[in-house]
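Descriptive analysis of the structure
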Amino acid sequence: MEGRLPPIRSLQAAGMTTVHLDQSLRQKTENLKAAVALITEGQTEQGIEQLEQSGSIQIIAEEDRRLAQMTADYLALSPAEREKMLLVAGTHESRRQITDRIRTGLRLAEQLGPPTHRIKGLQPKNLTNAQARYAKYYEVGDVIVPHQTYKNQGLEKGQQYVVIDVQARSVNIRSPTGETRSLDLSKCDHKTIYRESGFPIAVGDRLRWTKNDRANGIRNGQTFTIARIDLSGDAEVLNADGSISKLNLKGHQYLDYAWVSTTYSAQGKTADRVLALTDTMTSRESFYVAVSRAKYDLTIYSSDRAELLRLAQISRANETVIPLHQQVHYAPTPQTTEATDFPDRGNSVRDLGASLAATLPEDRLLRDSLDRLDRGTSRNAAAFAALSRTVANYTQRQEQRADTQRILATIDGQIAAIEQQQATQQARLLAQIQEKHVQQLVSACQIVVSRLGQETPVGRQVSSKSFRITQSGPTLKVEARSRNEADYHHVLTYDMGGKQFATDRSTEQLASAATYFGAIVTKMREQQAQQQVVQRHRSPGMEL
């Protein structure tokens, strides 16, 4: 009706008190408040300048260094500080890479335990209703979850049915109780199809639920930390509210890592500190989300200042609103539960055709044209699906190759650590053996110099063609020479007071010297014993 005001305007015109929210209450520092206000008003360049003045933007051209810096800044914080912060990435690929780096760093710092259990995560394949009716879009291992009970098909609402075989027009499935049956896909439209995406977990890992479960009080996005877990999947977890729960994580789970959020999933969140990574997917809307999540401190990591400004001024609000997880679909890997696909162009064209049919008069030519359009879009959808599978397979091979390289690097590091430990133990053992030979050599030389030595200006000394021993105060010096040499060469200097020694001879040479002088001492003792026998026989009253 012309001239009639909307209800809210009518109430305001009647005198209803209206409160206008014209400032952000989330930010607690003046710099952040000013920057967010400027960006909200469309003054993006001035907002970025404000962030630069407060040191909130780091420009690092190389992607690897950019990810490494963001990871290092996170790991430098205490566990308590990490609990109050938020990491944001623009794409699932960046999110996966940062997660891998963080888990590696925590494991090296012994803040994350060894992998104990492997989660069988479920990631939506994001099939359209039309695609979900055709067997060619299914693979062995996919999981079908119906949204309602189909008694004729033997399906119960919310249960998980695993695809065990794919036929031309149907699939064979296995129920949670182990029963197998053939499923007519065209007779159960309301369902979600998942692919299994496994990833390892350990004590200390942060996880999040990816699906609501009202029966068990679980919300999509709810996080928890693994406090204990065994090989069978029985776990104790620490919830965000501080409570402890017991879970069995065996079988398929609606779970993912919770270390990093995408810009899309960060909407509505608040943290004391935010670390945000920008990329080519950045827009005015996503940039606002990234900068407005922090209460006290914000760091943005970008490759180029000019490119950041350009992207942050581009609005994508009028584009088709499709969540990021439906636009990007990678092959699943042990480190991520994300999957790679293209948005369904077929539905958009079909919706256009339906709109035309509803608004234009009935016309056979128009109807025929729409039918041809629908068949064409079906072929396009099939082509896009085939292309997405090719991309997914390629990405999976790339991820598997990267996983192999990471495993090899870990093994190399472990081997290097073992070799270093063995080298340290060997050096310690050799030092002990060397000290033992030095003590034997010193003991023998002390006996020799005390019995055979003569006083000289440099101390008590005994010398021969092959060796020379000099004792001056607490210092004992041993020298040696070969038959053809005129000068003596240093063997050992020993400080009997401090029990310190200096030598340039090997352990084997010291052992030989100790054996040599030990033999001299033994011979001296034998001669002494013989002399004592002779003296006893020469004593008065004894006959020879």
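Residues numbered from 1 in each chain as written. Predicted model: local features only at pLDDT ≥ 70, side-chain atom pairs only at ≥ 80, totals over all residues. Heavy atoms only, no water.

1. Considerations on the overall build of the chain
Counting secondary structure elements, the chain contains 12 helices and 23 strands. Within the chain, the fraction of its 544 residues that count as buried is 36%. Pairs at least 24 apart in sequence give 61% of the contacts found in the chain among residues at least 6 apart. Just so you have it, the chain exposes about 31,800 Å², and 50% of that area is on carbon and sulfur atoms. (Helix = DSSP H or I, 4+ residues; strand = E, 2+ residues; numbered from the N terminus. Buried < 20%, exposed > 50% of the residue type's maximum accessible area, 1.4 Å probe, protein only. Contact = heavy atoms within 4.5 Å. Areas by Shrake-Rupley, 256 points an atom, 1.4 Å probe, with all protein chains shown as cover.)

2. Details of the pairing of strand 8 (residues 191-201)
Counting buried residues in strand 8 gives 9 out of 11 residues, a clear majority hidden from the surface. Relative to strand 8, strand 3 (residues 117-124) is paired through 8 bridges, and the arrangement is antiparallel. By the bridge assignment for strand 8, Arg-118 is matched with Pro-200. Sheet topology places strand 4 (residues 143-146) next to strand 8; 4 bridges connect them, and they run antiparallel. Looking across to strand 8, one finds that Val-145 is bridged to Thr-192. (Pairing = 2+ DSSP bridges.)

3. Overview of the side chain of His-117
Mapped onto the secondary structure, His-117 falls in strand 3. A distance of 3.2 Å separates a polar side-chain atom of His-117 from the backbone oxygen of Leu-249. With residues near it in sequence (within four places) discarded, His-117 still touches Phe-199, Pro-200, Ile-201, Ile-229, Asp-230, Leu-231, Ser-232, Gly-233, Leu-249 and Lys-250. (Polar contact = N/O pair within 3.5 Å; in protein donor to acceptor, adjacent residues only side chain to side chain.)

4. A closer look at helix 12 (residues 507-537)
With 31 residues, helix 12 should reach 45 Å at 1.5 Å per residue; the first-to-last C-alpha distance of 45 Å fits that figure. Residues of helix 12 that are buried: Thr-507, Leu-510, Ala-511, Ala-513, Ala-514, Phe-517, Ile-520, Val-521 and Met-524. (Expected span 1.5 Å × (residues − 1).)

5. Considerations on the environment of Arg-228
Within the element layout of this structure, Arg-228 appears in strand 10 (residues 223-229). The class for Arg-228 is partly exposed, based on a relative accessible area of 36%. Remark: the alpha-carbon pair of Arg-228 and Val-203, spanning 25 residues in sequence, is separated by 5.7 Å. Those residues in contact with Arg-228 that lie beyond four places of it in its chain are Val-203, Asp-234, Ala-235 and Glu-236.

6. With respect to the sheet that holds strand 11 (residues 234-239)
With antiparallel pairing, 5 strands are arranged side by side in an open sheet as 12-11-10-9-14. Only two strands of the sheet have a single partner each, and these edge strands are strand 12 (244-248) and strand 14 (255-257). The sheet shows a mean angle of 40 degrees between the axes of neighbouring strands, taken without regard to direction. Where strand 9 (residues 206-209) lies against strand 10, 3 bridges are found, and the strand directions are antiparallel. Within the sheet, the bridge partner assigned to Leu-207 lies in strand 10 and is Phe-224. (Axes fitted to C-alpha atoms, helices over the stretch in contact; angles between N-to-C directions.)

7. Let's talk about the environment of Pro-200
In this fold, Pro-200 is placed in strand 8. It is 5.9 Å that separates the C-alpha atoms of Pro-200 and Pro-115, two residues lying 85 residues apart in sequence.

8. Focus: the pattern of salt bridges
Taken as a whole and judged by the stated rule, the model has 21 salt bridges. Of the charged contacts in the structure, one is a salt bridge between Arg-65 and Glu-62, with a shortest N-O distance of 2.8 Å. Its salt-bridge partner being Asp-272, residue Lys-295 comes within 3.7 Å of it at the nearest N-O pair. Of the two residues, Lys-295 sits in strand 17 (residues 294-302) while Asp-272 sits in strand 16 (residues 271-277), which places them 23 residues apart along the sequence. Given a relative accessible area of 23%, Lys-295 falls into the partly exposed group. Assessed through its relative accessible area of 24%, Asp-272 is described here as partly exposed. (Salt bridge = Lys/Arg side-chain N within 4 Å of Asp/Glu carboxyl O.)

9. What to know about the sheet that holds strand 19 (residues 459-463)
Strand order in this open sheet of 6 strands is 18-19-20-21-22-23, and the pairing throughout is antiparallel. The sheet is open, and its two edges are formed by strand 18 (454-456) and strand 23 (500-502), each paired on a single side. The average angle at which neighbouring strand axes cross in this sheet is 20 degrees, direction not considered. Pairing analysis gives 4 bridges linking strand 19 to strand 20 (residues 467-472), with the strands arranged antiparallel. Counterpart to Arg-460 in the pairing with strand 20 is Gln-471. Across the sheet, helix 12 is in contact with strand 20, strand 21 (475-480) and strand 22 (489-495); its angle to strand 20 comes to roughly 85 degrees.

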